[in-house]
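Analysis of the macromolecular model
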Amino acid sequence: MDQLEETELRCRLMLRLYTRALQAVERAVVVLAGAGAQRFRERIAEARLQAEKQAAVEVMEQGQAKIEEELDGLTHELADALDKKERDYKEVIRIVTDAAATMTQSGLRQGEELKQFATKIESVSRLESISEIREQLSSRVSELMAMAGQIQLEGQERARALEDEIQRVNEKLRHAEVLAETDVLTGLGNRRKAEKCIHAAIASGMPLSLLLFDLNGFKTINDRYGHGSGDQLLKAVARQMQNAVRETDIVCRWGGDEFVILLAEKLAEAGKRAARIQRNAFGHFIFNHNEQTISVNLSASFGVAEYQAGQTAEEFFERADGLLYERKRQRQPDRAALAAAQ
């Protein structure tokens, strides 16, 4: 009798241990497979309840067989899932390695550091433990992010330097353009500037008049006193003409002793302005020649033309030029053009 009781006690202990083992397996499944092992968890719970109710041995054996079958299936599923995770991690490693290699090829100052980093991250793919792979990958990604931040900072500095260089180049280009359109002797716009402004004004469709001035007797001054003295006079005339016009008017030296002024107005007003400029910009001039002070009275003839629709820029200028020389032919010889003073 005592032996029978002892045997029964042992059976109960074994059954309790079996129940606890089932509970432990159920908890492990939750950790490893989560919701993906719901069917297996149901089998475990069913077997546990049968054990707790002390179901027939045959029923419990059938439940155990079903658990073993489900456990085999779950093992394969977990293995496949782990393989997939490993493949995913290694794909991430490949992407990070490629990114490091790409940045290395960019020729940045951190190129050597990135080469070393690429070697480190590639070695992670040879690790066997997924947890170790994950730990190493996390560390390497943090390292790469730090490098990327440094590269971004350097890139911003390079971008600012490039922007400054572009600005300097543009300033040089603008300066070169100004020089290309500036008369070296007088500082006024040159013929190129005048032609450019005439074309632009015609294209705008706004009123446009052209004043063309030609100095009277200037060749005589050049012949008598030399071109150096003539240059002094041309610079003085240019200053006077610039002072006699408005800021919106464009004054250019066309060539030799001819000057062009562009006005954004019609012929009547342009004619009045040309007469005022002739009075204010010309007259008595003094220059030095061979340590002597020379005084001359210098005048100019002018032609005024308003742009007419359909004309080319060349035809427009030729009309003003024709009117100028018509005035010069009608002009009486200026016997007092030169009055020298020692």
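Before any of the text, the structure's been laid out above.
Described below are features of the structure shown in this document. What you see is a predicted model; the values in this text were computed from it and never measured. The written sequence of each chain sets the order in which its residues are numbered from 1. Only residues with pLDDT of 70 or above have their local features reported here, since the model is predicted, and side-chain atom pairs are shown and tallied only from 80 upward, although totals for entire chains, interfaces and linings are computed over all residues. Hydrogens and water are ignored here; the side-chain numbers use all heavy atoms of the structure.

In this section: the pairing of strand β2 (residues 250-255). Examined bridge by bridge, β2 and strand β3 (residues 258-263) share five bridges and lie antiparallel to one another. Paired with V251 across the two strands is I261, which belongs to β3. In short, DSSP must find at least two bridges between two strands for them to pair. Numbering goes from the N terminus for both helices and strands, where a helix is a DSSP run of H or I of at least four residues and a strand is a run of E of at least two. The loop that links β2 with its antiparallel partner β3 comprises two residues; one of these, G256, has a positive phi angle of about 55 degrees.

Turning our attention to the nonpolar core. The nonpolar core is taken to be a set of buried Ala, Val, Leu, Ile, Met, Phe, Trp, Tyr and Cys residues, with the residues joined through side-chain atoms within 4.5 Å. We call a residue buried when its accessible area falls under 20% of the maximum for its residue type, exposed when it is over 50%, and partly exposed in between, using a 1.4 Å probe and counting protein chains only. Ranked by size, the top nonpolar core spans 32 residues in total, and within it L211, F213, L215, M241, F259 and I261 carry the most contacts. Listed by contribution, the elements that provide at least two residues to this core are β1 (209-215), α7 (218-225), α8 (227-244), β3, α9 (267-281), β4 (283-289), β5 (292-298) and β6 (300-306). If you tally residues by element for this core, the top one is α8, at seven residues. In this description, contact between two residues means that some pair of their heavy atoms is separated by no more than 4.5 Å. When sequence neighbours within four positions are dropped, the list of residues in contact with L211 reads F259, V260, I261, L263, A270, A274, I277, G303 and V304. Ranked by size, the runner-up nonpolar core spans 17 residues in total, among them C197, A201, L208 and F317.

To continue, consider the pattern of salt bridges. What makes a salt bridge here is a side-chain nitrogen of Lys or Arg within 4 Å of a carboxyl oxygen of Asp or Glu, nothing more. Here the structure, examined in full by the defined rule, presents 11 salt bridges. One salt bridge in this structure joins E195 and R191, with 3.4 Å as the shortest N-O distance. A residue pair is termed a helical-turn pair when its members lie 3 or 4 positions apart in one helix, as E195 and R191 do in helix α6 (residues 191-204) at four residues. Since its relative accessible area comes to 41%, R191 is described here as partly exposed. By sharing partners, the salt bridges in this structure join R246, D249, E265 and R273 into a single network.

Attention now moves to the packing of aromatic side chains. Each pair of aromatic rings taken from Phe, Tyr and Trp, with Trp reduced to its six-membered ring, is defined by centres within 6.5 Å and is described as stacked if the planes are under 30 degrees apart, edge-to-face if over 60, and tilted in the remaining cases. Applying the stated criterion across every chain, the model contains five aromatic pairs. Considering the side-chain rings of F213 and F302, the 5.5 Å spacing of their centres and the 40 degrees angle between planes classify their relative orientation as tilted. Here F213 is found in strand β1, whereas its partner F302 is found in strand β6, with 89 residues between them in sequence. Each member of the pair F213 and F302 is classed as buried. Aromatic pair Y225 and F287: ring centres 5.4 Å apart, planes at 75 degrees, arrangement edge-to-face.

Further remarks concern the sheet that holds β6. What the four strands build is an open sheet, ordered β2-β3-β1-β6; its pairing is antiparallel. Each edge of the sheet is formed by a strand with only one pairing partner; in this case those strands are β2 and β6. The average angle at which neighbouring strand axes cross in this sheet is 20 degrees, direction not considered. Taken together, the seven bridges between β1 and β6 define a ladder with antiparallel strand orientation. Among the inter-strand pairings, L215 is bridged to a residue of β6, identified as A300. Lines are fitted to the C-alpha atoms to define the axes, a helix being fitted only along its stretch in contact, and any angle between axes, read from their N-to-C directions, falls within 0 to 180 degrees. On top of the sheet, α9 reaches β1, β3 and β6; it is set at about 165 degrees to β6, its chief contact.

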